[in-house]
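Descriptive analysis of the structure
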Amino acid sequence: MSYLEEIQVKNLDHLGIVAGLIDEIGIVKIINNKLGIDVREKISAGTVVKSILINGLGFVSRPLYLFSQFFQDKAIEKLLGERIKPDYLNDDKIGRVMDELYKYGLNDIFIEVVLEVIKKFKIDLKCSHLDSTSFHLDGEYKREEDKEKQEEEKIIKERPIFIKKGYSRDHRPDLKQCVLDLITSQDGDIPLFVRVGDGNESDKAVFGKVLVEFKKQIKFDSIMVCDSALYGQENLQLIQHLKWITRVPMTIKKAKELVQNIEVEEVKDEDKEKRSDLNLESYTWKEEIVTYGGIKQTWLIVLSEKRQKSDLEKLEKQLSQEEKKSQKFLKEIQSEEFEHPQAARYKLKAINKKLRLLEIKEVELIETYSKKKEKIYKMISLIIKKDEEISRKTKEAGKFILATNLVEENKLEASEILITYKNQQSTERGFRFLKDPLFFTDSFFVEKPERIETMLFLMSLCLLIYNLGQRELRNCLKRVKKGINNQVGKVTLRPTLRWIFQCFQGIHYVILNGVKQIVNLTKERRFILSLLPASCERYYL
């Protein structure tokens, strides 16, 4: 045997961190307990799920039909277990496991994983955030034509989703899609609840039901935070036993009146420093007690200086664009010849529907004759500003209203309401992660809606693992009061886990003459490992 034949080099990179986080949570054990272990199988369902999650967090953008290739150059026995080969992870095996997961109940499995994470890592559940996004899909799906037959089925359902066209957050209304509802914790953006819905589903129709279902599944006293899609009389009645903070839509008459007529309070000198510490120096507000939908609430009318400046600039730009547009319309209508006065006024009415801040007003309708000596009418008109509409938009600039049912018991300070709502970005960060081109969203080649739901379940598990690892790392750095260098060489206490993954590129698992060792494990990498859960270290040390 030659010297070269006695050496085996496999890539480990950051995948040991991912595998360690999966072990620390206990995902393999949970899956195997749910689906069972068949002794005739070369690889258990839990290990298959672990391999999918490792692939998903490998950031290589390879779809599942290239799945086994992902592990060809990886230390697969180190990551998944002795005697496991890449060809065990073929698409047939993965497909069977995905079908078993769906049949058992994706929601039940996810909730059990989440409860384990909450208990083991002491996740603070004071506030939770709900939002939704859409994923566009290609191809035909078998259940599309059955929609009309099942309109009466429950929104929180046991049936497969319908892949349909609907409101697209991806700005692709031409493509079919499905919707993902996501609830995350304010503490570390940990996903607490996921639900996949039909492509044409409305947030207003389901958000209240999602929160009720969430409360049934995970019993704790959390303040639910959501955008204006939640705020409606039916939803408020549905969630009246929950604590909530949401945004009030400006379509509500009472909200319009308050924004127009109430002036926010000026900041007192003694409060300026406190607001600066909370990063709220550019906000002012005023509280009002309001009853809407039969629920007594605190409405916080907020003025953001930055947003006010942006809104006024947009208003000025809109006014300028309409002035150019209205000049063209004016020229057009004044040069046109009409057979009847009604035709001229009908055309004017149609033009004014296209304008928001300006109006073309009739000055005079002149009766005259055309070159053919036929009676015609020509309109003399002028452009005027809609002062009332411009004034309304000017007063509304930078203002929005937050509502909460925490009025007397558990009453929150105004600053706490605002800070809590601003953390709604928690779910948005999750959606950005799930839609990252380096993530395996391209794996949506699967043909059945059931597989789409299962894929989103697995992607959500990846998000949970990623955010949990990032939370643990940042909390440890905060405790030891020692930072690490970021991408530009500056010391930070809040690195992204993706940067840590990049720092671990080039770590190899080497077998030389039967001796196994990890190479390129530098002092800095050892320090990072010491900050992560103990299960991560075991893959490297």
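Conventions and cut-offs
Residues numbered from 1 in each chain as written. Predicted model: local features only at pLDDT ≥ 70, side-chain atom pairs only at ≥ 80, totals over all residues. Heavy atoms only, no water. Pairing = 2+ DSSP bridges. Helix = DSSP H or I, 4+ residues; strand = E, 2+ residues; numbered from the N terminus. Axes fitted to C-alpha atoms, helices over the stretch in contact; angles between N-to-C directions. 1 Å grid on protein atoms, 1.4 Å probe; cavity = no way out; pocket = protein on both sides within 12 Å on 5 of 7 lines; lining within 4 Å. Points joined across faces, edges and corners; volume = space filled by probe spheres on them. Nonpolar A, V, L, I, M, F, W, Y, C, P; charged D, E, K, R; others polar. Core = buried A, V, L, I, M, F, W, Y, C linked by side-chain atoms within 4.5 Å. Buried < 20%, exposed > 50% of the residue type's maximum accessible area, 1.4 Å probe, protein only. Contact = heavy atoms within 4.5 Å. Phe/Tyr/Trp six-rings, centres within 6.5 Å; stacked < 30°, edge-to-face > 60°. Lys NZ or Arg CZ within 6 Å of the ring centre and 35° of its normal. pLDDT = per-residue confidence, 0-100.

1. Overview of the sheet that holds strand 2 (residues 127-137)
If you trace the 8 strands from one edge of the open sheet to the other, you get 4-3-2-5-6-11-8-7, paired in mixed fashion. Bordering the open sheet on either side are strand 4 (191-197) and strand 7 (283-292), each of which pairs with just one other strand. Strand-to-strand twist of the sheet, defined as the mean angle between neighbouring strand axes without regard to direction, takes the value 20°. Bridge count for strand 8 (residues 295-304) against strand 11 (residues 399-404) is 6 bridges, and the pairing is antiparallel. Its bridge partner lying in strand 11, Val302 is registered against Phe400.

2. Examining the layout of surface pockets
Quantified by volume, the largest pocket comes out at close to 870 Å³. In terms of lining residues, the largest pocket is bounded by 28 residues, among which Gly188, Asp189, Arg429, Arg474 and Arg494 are the most central. Counting residues per element, the ones that place at least two in the lining of the largest pocket are helix 15 (414-422), helix 16 (425-434) and helix 17 (449-480). Counting residues per element, the lining of the largest pocket draws most heavily on helix 17, at 8 residues. Within the lining of the largest pocket, the residues separate by chemical class into 5 nonpolar, 10 polar and 13 charged.

3. Thoughts on the nonpolar core
Residues Ile17, Ile54 and Trp299 are the most contacted members of the largest nonpolar core, which totals 128 residues. It is helix 17 that provides the largest number of residues to this core, a total of 16 residues. Beyond its immediate chain neighbours, meaning those up to four positions away, Ile17 contacts Ile500, Phe501, Phe504, Leu529, Leu532, Cys536 and Tyr540. Counting residues in hydrophobic clusters, the runner-up holds 17 residues, among them Ile223, Val225, Tyr283 and Leu406.

4. Some words on the pairing of strand 4
Regular strands have side chains that alternate between both faces of the sheet. Taking burial as the measure, the 7 residues of strand 4 include 7 buried ones, the bulk of the element. Bridge count between strand 3 (residues 176-185) and strand 4: 6 bridges; the pairing is antiparallel. In the strand pairing of strand 4, Thr184 is matched with Pro191. Counting the residues that bridge the hairpin from strand 3 to strand 4 gives 5 residues, and of these Gly188 lies at a positive phi of roughly 85°.

5. A word on the pairing of strand 8
Where burial is concerned, most of strand 8 is hidden: 9 out of the 10 residues are buried. In this sheet, strand 8 lies alongside strand 7 in antiparallel orientation, the contact comprising 10 bridges. Residue pairing for strand 8: Tyr283 is matched across the bridge by Ser304. Hairpin connection between strand 7 and strand 8: a loop of 2 residues separates the two successive antiparallel strands, and Gly293 in this loop has a positive phi of roughly 65°.

6. Here we look at the packing of aromatic side chains
Tallying each qualifying case throughout the model produces 9 aromatic pairs. Measuring from ring centre to ring centre gives 5.6 Å for Phe193 and Phe214, while their planes differ by 65°; the resulting arrangement is edge-to-face. In this pair, Phe193 is assigned in strand 4 and Phe214 in helix 8 (residues 203-217), connecting sequence segments 21 residues apart. Taking the centre distance of 6.4 Å and the plane angle of 75° together, the rings of Tyr231 and Trp244 count as edge-to-face. Residue Tyr231 is located in the loop between strand 5 (223-226) and helix 9 (233-238), and its partner Trp244 is located in strand 6 (residues 243-247); the two are separated by 13 residues in the primary sequence. Per residue, the accessibility class of Tyr231 equals that of Trp244, and both read buried. Among the aromatic residues, those joined into a ring-pair cluster are Tyr231, Trp244, Tyr292 and Trp299. For Arg275, the ring lying beneath its charged end belongs to Trp285, and the centroid distance is 3.7 Å.

7. Thoughts on the confidence of the model for the protein
The pLDDT averaged across the protein works out to 88; a share of 92% of its residues lies at or above 70. Per-element confidence in the protein ranges from a low mean pLDDT of 74 for helix 4 (residues 67-70) to a high of 97 for helix 1 (residues 15-25). A low-confidence stretch, residues 147-157 (pLDDT under 50), is modelled with 23 contacts involving residues beyond four sequence positions or located in other chains.

8. As for the sheet that holds strand 1 (residues 7-11)
Reading across from one edge, 1-14-15 is the order of the 3 strands in this open sheet, with antiparallel pairing throughout. The strands lining the two open edges of the sheet, one partner per strand, are strand 1 and strand 15 (515-519). Taken over all neighbouring pairs, the strand axes of this sheet differ in orientation by 20° on average, direction set aside.

9. Topic: the environment of Ile333
Secondary-structure assignment places Ile333 in helix 12 (residues 305-335). For Ile333, a relative accessible area of 0% translates into the label buried. Taking the C-alpha atoms as reference points, Ile333 and Leu137, separated by 196 residues in sequence, lie 45 Å from one another. Not counting the four nearest positions on each side in its chain, Ile333 is found in contact with Phe338, Ala344, Lys347, Leu348, Ile351, Met379 and Ser381.

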